[in-house]
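What the coordinates show
Residues per chain are reported as follows:
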Amino acid sequence: MWSPLLAFAAIAIVFTVGDYISLKTKGLIASILTADILFMILGGVLHILPDNLMQISVMAPLTISIGMALSLTSLGSTFNLEEFKAEWKTVLVSLSGVGGVILACLTIGAMVFGHEIAYSSAAPVAGGIVAGIISTEAANAAGRNDIAVIVSGVIAFQVLIGAPIGSFCLHKEVNRFINAGEYKIRTEEREKGAKQRLINLPKFFSINNAQLARLGLVAALGQVTSQVTPIPAAVTYLVFGTLAGAVGFLDRDSLGLSESKGIITLAFFALICESFLKVSFAEFGQMLIPVFGIIIIGVIGSMICAFIMGKLLNWSPWLSMAVSMCCILGYPTNYIVTTEVVNSAVRGKDFSEDQVNRITNHVLTKMLIGSIAAISIASVVIASVLAPMIFK
């Protein structure tokens, strides 16, 4: 009875429910968490949804063969190298947080929960969806659905730990910034305009198919490079996408401009959650201890390393630890948490619009840049390196 179209509709409905709950809880309950639970109930418990729902919908082959390459290449095209230069301290603190996650997971995590759980979960804790897909593919290729379930659980539950910690640290930092009077200091706005492009394509190349054609060509070059060098494909996609975006061959967020991003993103989320279609309530209960355990170990390692780096850079410890949560929260949760903290801090007080903007920019820019450095770059590279080592 399950046709590809019906399978696709079921997946889309599940994630629509997840998006609705995420919206109502302001991102505290991630859509992927709701999807995991619904897949478990409708699949592993009630057996309404088949185990191979992703295969039936043909979304799995799409994601593995094309989706990952196009998504990472497009992601590279969004990087603003000038902003990274201006926020180099933020990048260092964020990457230190990622390093803390990896160090803690691969040492303490491996001792407590074993090599396979630690190595498969480290990059997802330090990143998110893309890193999770890389680890999930490695687990599925090895026939280890139990590890794939833990990876999905890590991605689903980490926001429940990261959001309150990030919010607390941001509250402390915003209050420190206000009480110190730093919001009164006018800072020179750095120019964010893009530099003159080296390549200026005719307007025709902005249509959907032309966006995909350019994106596919750059991704193919990245794939060939990874095949003839020891560099992981995920890294070459990011690098080629960044270079193509910098010279103007790719538009910023080409996949979004092609209007193809939605279905590929849905396929990514579904691939991560697919393992829950085989999970029972008993198995779900058993996975909670390693999932929350590895997240907590990673979060503590991230905060410690970011704190140390912040000290070396003369940063506020609260700001350092808030930025360390960028890898745990990701976008848009980091944006939601940050703006809510700022709004709470300035509500009912006599701040001018310009001063509110300075307070907002002080933390929001760092949280967004920190997420890009941690999730879009570092975690993808780390996942590509660790994936072949998980089951050795």
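Before reading on, note that the structure itself is shown above.
First, a word on scope: everything that follows refers to the structure included in this document. (Residues numbered from 1 in each chain as written. Predicted model: local features only at pLDDT ≥ 70, side-chain atom pairs only at ≥ 80, totals over all residues. Heavy atoms only, no water.)

Below, the discussion takes up the pattern of salt bridges. In total, this model carries 4 salt bridges according to the counting rule given. Arginine 144 is paired through a salt bridge with glutamate 116; the nearest N and O atoms lie 2.8 Å apart. Of this pair, arginine 144 sits in the loop between helix H8 (129-141) and helix H9 (145-179) while glutamate 116 sits in helix H7 (residues 115-126), placing them 28 residues apart in sequence. With a relative accessible area of 24%, arginine 144 lands in the partly exposed category. Overall, the relative accessible area of 26% leaves glutamate 116 in the partly exposed class. Each of the salt bridges in this network shares a partner with another, and the network as a whole consists of Glu116, Arg144 and Asp146. (Salt bridge = Lys/Arg side-chain N within 4 Å of Asp/Glu carboxyl O. Helix = DSSP H or I, 4+ residues; strand = E, 2+ residues; numbered from the N terminus. Buried < 20%, exposed > 50% of the residue type's maximum accessible area, 1.4 Å probe, protein only.)

Here we take up the packing of helix H14 (residues 281-312) against helix H15 (residues 317-324). The geometry of H14 relative to H15 is characterised by a closest axis approach of 8 Å and an angle of 135° between their N-to-C directions. In this view, H14 runs oblique relative to H15, as classed from their interaxial angle. The element H14 and its partner H15 pack so that their crossing is right-handed. The residues of H15 that touch H14, namely those facing Ser302, Met303, Ala306, Phe307 and Gly310, are Pro317, Ser320, Met321 and Ser324. Classifying every residue of the contact of H14 with H15 gives 5 nonpolar, 4 polar and no charged. (Axes fitted to C-alpha atoms, helices over the stretch in contact; angles between N-to-C directions. Parallel < 35°, antiparallel > 145°, perpendicular 65-115°, else oblique. Left-handed = near helix turned anticlockwise from the far one by under 90°. Contact = heavy atoms within 4.5 Å. Nonpolar A, V, L, I, M, F, W, Y, C, P; charged D, E, K, R; others polar.)

Tallied over the full model, the rule gives 2 aromatic pairs. With centroids separated by 6.1 Å and ring planes inclined at 75°, the aromatic side chains of phenylalanine 15 and phenylalanine 39 adopt a geometry described as edge-to-face. Placement of phenylalanine 15 in helix H1 (residues 4-24) and of phenylalanine 39 in helix H2 (residues 31-45) is noted, with a sequence separation of 24 residues between them. For the pair phenylalanine 15 and phenylalanine 39, one class covers both residues: buried. (Phe/Tyr/Trp six-rings, centres within 6.5 Å; stacked < 30°, edge-to-face > 60°.)

Quick look at the packing of H2 against H9 now. Helix-helix packing is described using two parameters, namely the angle between the two axes and the distance between the axes. Remark: H2 packs on H9, axes separated minimally by 8 Å, with the N-to-C direction vectors making an angle of 130°. Considering the angle they form, H2 stands oblique to H9. Classified by chirality, the crossing of H9 by H2 is left-handed. Within the contact between the two elements, H2 uses Ile32, Leu33 and Asp36 and H9 uses Ser152, Gly153, Ile155, Ala156, Phe157 and Leu160.

Before going further, it helps to examine the side chain of serine 94. Mapped onto the fold, serine 94 is located in helix H6 (residues 88-113). A residue is classified by how much of its surface remains accessible, and serine 94, at 2% relative accessible area, is buried. Once residues within four sequence positions are removed from consideration, serine 94 is found in contact with Val323, Gly370, Ala373 and Ala374.

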